[in-house]
Amino acid sequence: PAPSSRVAILADLLDFERAPGALDISDAACRWRPAHWLLIENGRISAIHPDGPDARPGPDWHCIDASGQWLMPGFTDAHVHSAQIEIIGAFGEQLLQWLERYTFPAEQRMAQADDARACSQDFVDGLLRCGTTSAMVFPTVHATSVDALFEAAQAAGMRLIAGRVMMDRHAPAALCDSVESAERDCRALIERWHGQGRLAYAITPRFAPTSSPAQLALAGRLLAGTPGLYMQTHVAENPAEVDWVRQLFPDARSYLDVYERHGLLGERSMMAHGIWLDDIDVALLAQRGAAVAHCPSSNLFLGSGLFDWPRARDAGHGLCLASDVGAGTTLFMPQVMMDACKVQALRGQRVTAWELLHGATLGAAQALRLQGEIGQLEPGCAADVVLWHPALDDLQRRRQRVARSLHERVLAWLSLATPQHVAQVWVAGQRRV
Ligand code: GUN
Ligand code: ZN
């Protein structure tokens, strides 16, 4: 193979072999391998070994000495809206008003293929510059927005999961589809994109209020019809939304039960938010093998509520972190992690830096059934890896110096990190940033 297909990076490696224990702040809860070589061949991690006198790979390797930098798996953003990068920070509303005043108008712009392409490119570039190498994404109801997003992800070699948003009521006419058009578009898009390279398709009913029972039933049939499909939607984000769902679906036991009744809860189902679920709901999620994408930045911005991390952790369903841009105010996952930390603080609870990092790496990979592919520095995994500066100025170096444990260093780093701390981003063994 050409020399450029063999890359070796020397850095301090940080990832997880398994889920960190609850409230375990010991250094043993993560996998810290300082001064190790990570070897990449043909887009995948092929080996990892400690540095030493004879450890440097030979002349047929392109060697990168990033000593002192941290090498982590690229982050996964488990729930984010590509078209909403245009409305980050829209002023002063809760969910339902925010959707009407800002979100739906922005999404209507994606009917134009040129706008959808430019927006998708900015979105993918934005993720990569933040060190996020995989994502589960809502584009819009327009098939062209799905094509544009998948094309941009494919060009970057990213593992990305997305699907055409289904919504046939309670939204502007220009954003509403029908059962028939949804079926036609989704079948064509599944055919075109599902399993193409690193891409996968997700059945994407926006949320229960904007899909008729007939459309939710279609979503269930589509999901059952093709192996390996994902499902993504929103659930129990905001109290007014939960009330509305109760009125729209009076026979359902709960908001989550609306999805259960339509066959939408499975091993590849990603439910965004889940703040206002009850104990029966979280047990059902665990039983179905489904996952929750916790979106703390969004929840704080829209005043949606304070997610109960310990309950979710103890329920044993999949649990990962997500930006939920544009209700979330950043694509940068360390900031999302710190928002999660602050949400728990407001509840009088705690979450460790390890649990937070895990939620955007191995935990997300497990929730998406992609363990062994992404989320770890492990031979066989795709080389989706990011080199980070641990500190960029005197203040940050001082903070790192006084930290008494690795956990303290990492939590301080999460607090102070910015996209400027991204030194290099590799996706499937290709340098992208
Ligand atoms: N619920 C339904 N649609 C949306 C959306 O676009 N963003 C958020 N945060 N919640 C939703
Ligand atoms: Zn969302």
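Residues numbered from 1 in each chain as written. Chains lettered and ligands numbered in written order. Predicted model: local features only at pLDDT ≥ 70, side-chain atom pairs only at ≥ 80, totals over all residues.

Draft legend 1. Representation of the overall build of the protein chain. Within the protein chain one finds 15 helices and 16 strands. Taken against the 2.2 N^0.38 rule, which gives 22 Å for 433 residues, the C-alpha radius of gyration of the protein chain at 21 Å falls within 12% of a compact globule. Each of the three principal axes of the protein chain carries a C-alpha extent, and together these read 70 × 50 × 40 Å. Here the protein chain holds 433 residues, and the buried ones make up 52% of them. Considering only intrachain contacts with a sequence separation of at least 6, the fraction spanning at least 24 residues in the protein chain is 74%. (Helix = DSSP H or I, 4+ residues; strand = E, 2+ residues; numbered from the N terminus. Rg over C-alpha atoms; globule rule 2.2 N^0.38 Å. Buried ≥ 20, exposed ≤ 12 C-beta atoms within 10 Å, placed from the backbone. Contact = placed C-beta atoms within 7 Å.)

Draft legend 2. A look at the environment of aspartate 308. Structurally, the position occupied by aspartate 308 is in the loop between α9 (296-301) and α10 (309-315). Residue aspartate 308 is classed as partly exposed on the basis of its C-beta count, with 19 C-beta atoms lying within 10 Å. Here the alpha-carbon distance between aspartate 308 and glycine 274, two residues 34 residues apart in the chain, equals 9.2 Å.

Draft legend 3. The arrangement of unusual backbone geometry in detail. A cis amide bond, omega 5°, links valine 325 with the succeeding residue glycine 326. Among the secondary structure elements, glycine 326 is positioned in the loop between β13 (318-321) and α11 (333-346). Even without being a glycine, alanine 236 presents a positive backbone phi close to 45°. When you line up the elements, alanine 236 lands in the loop between β10 (230-235) and α6 (239-248). A tally of 25 C-beta atoms within 10 Å means that alanine 236 is categorised as buried. For alanine 428, which is not glycine, the phi torsion reads 45° and is therefore positive. One can find alanine 428 in the loop between β15 (422-427) and β16 (430-431).

Draft legend 4. Examining the sheet that holds strand β2 (residues 31-41) more closely. Strand order across the open sheet formed by seven strands is β3-β2-β1-β4-β14-β15-β16, with mixed pairing between neighbours. Both outer strands of the open sheet, β3 (44-50) and β16, are each paired with one neighbouring strand and no more. Inspection of the sheet shows strand β1 (residues 6-15) paired to β2 by nine bridges, in the antiparallel sense. Across the sheet, residue isoleucine 9 finds its bridge partner in β2, namely leucine 38. (Pairing = 2+ DSSP bridges.)

Draft legend 5. Quick look at helix α8 (residues 279-288). Asp281, Val282, Leu284 and Leu285 are the residues of α8 that are buried. All buried residues of α8 lie within an arc of 155° about the axis, which places them on one face of the element. Summarising the geometry of α8, the exposed residues directed more than 90 degrees from the buried face are Asp279 and Ile280. Turning to α8, the residues buried within the fold contact α7 (255-261), β11 (269-273), β12 (291-294) and α10. (Arc of directions from axis to C-beta.)

Draft legend 6. Spotlight on the packing of helix α2 (residues 113-129) against helix α3 (residues 143-156). It is the contact of α2 with α3, at a shortest axis distance of 8 Å, that shows an interaxial angle of 40°. When the axes of α2 and α3 are compared, the pair comes out oblique. The handedness of the crossing between α2 and α3 comes out as right-handed. Only Thr144, Ser145, Ala148, Leu149, Ala152, Ala153 and Ala156 of α3 make contact with α2, whose side of the interface consists of Ala113, Ala116, Arg117, Ser120, Gln121, Val124 and Leu128. Of the residues contributing to the contact of α2 with α3, the split by class is nine nonpolar, four polar and one charged. (Axes fitted to C-alpha atoms, helices over the stretch in contact; angles between N-to-C directions. Parallel < 35°, antiparallel > 145°, perpendicular 65-115°, else oblique. Left-handed = near helix turned anticlockwise from the far one by under 90°. Nonpolar A, V, L, I, M, F, W, Y, C, P; charged D, E, K, R; others polar.)

Draft legend 7. Seen up close, the site of ligand 1. Surveying the vicinity of ligand 1 reveals the residues His81, Leu95, Leu99, Thr103, Arg206, Phe207, His234, Glu237, Ser298, Asp324 and Ala327. The dominant element in the shell around ligand 1, judged by the number of residues it contributes, is helix α1 (residues 95-108), at three residues. In terms of residue class, the shell around ligand 1 is built from four nonpolar, four polar and three charged. (Near = placed C-beta within 6 Å.)

Draft legend 8. Quick look at helix α4 (residues 179-193). Between its first and last C-alpha, α4 extends 21 Å over 15 residues, near the 21 Å set by a 1.5 Å rise per residue. Among the residues of α4, those classed as buried are Ala182, Cys186, Ile190 and Trp193. Projected down its long axis, α4 carries its buried residues within an arc of 90°, all on one side. Turned more than 90 degrees off the buried face of α4, the exposed positions are Glu180 and Glu191. In the core, the buried residues of α4 are packed alongside α3, β8 (165-166), β9 (199-205) and α5 (213-225). (Expected span 1.5 Å × (residues − 1).)

Draft legend 9. Inspection of the domain arrangement of the protein chain at higher detail. In terms of domains, the protein chain is made up of domain 1 (3-74 + 377-431) and domain 2 (75-367). The C-alpha-based centres of domain 1 and domain 2 are spaced at 29 Å. The partner domain 2 presents 27 residues to the 28 residues of domain 1 that form the contact. Those elements that provide at least two residues to the side of domain 1 that touches domain 2 are β4 (62-73), α15 (406-416) and β15. Classifying every residue of the side of domain 1 that touches domain 2 gives 21 nonpolar, four polar and three charged. (Domains from an automatic or database assignment.)

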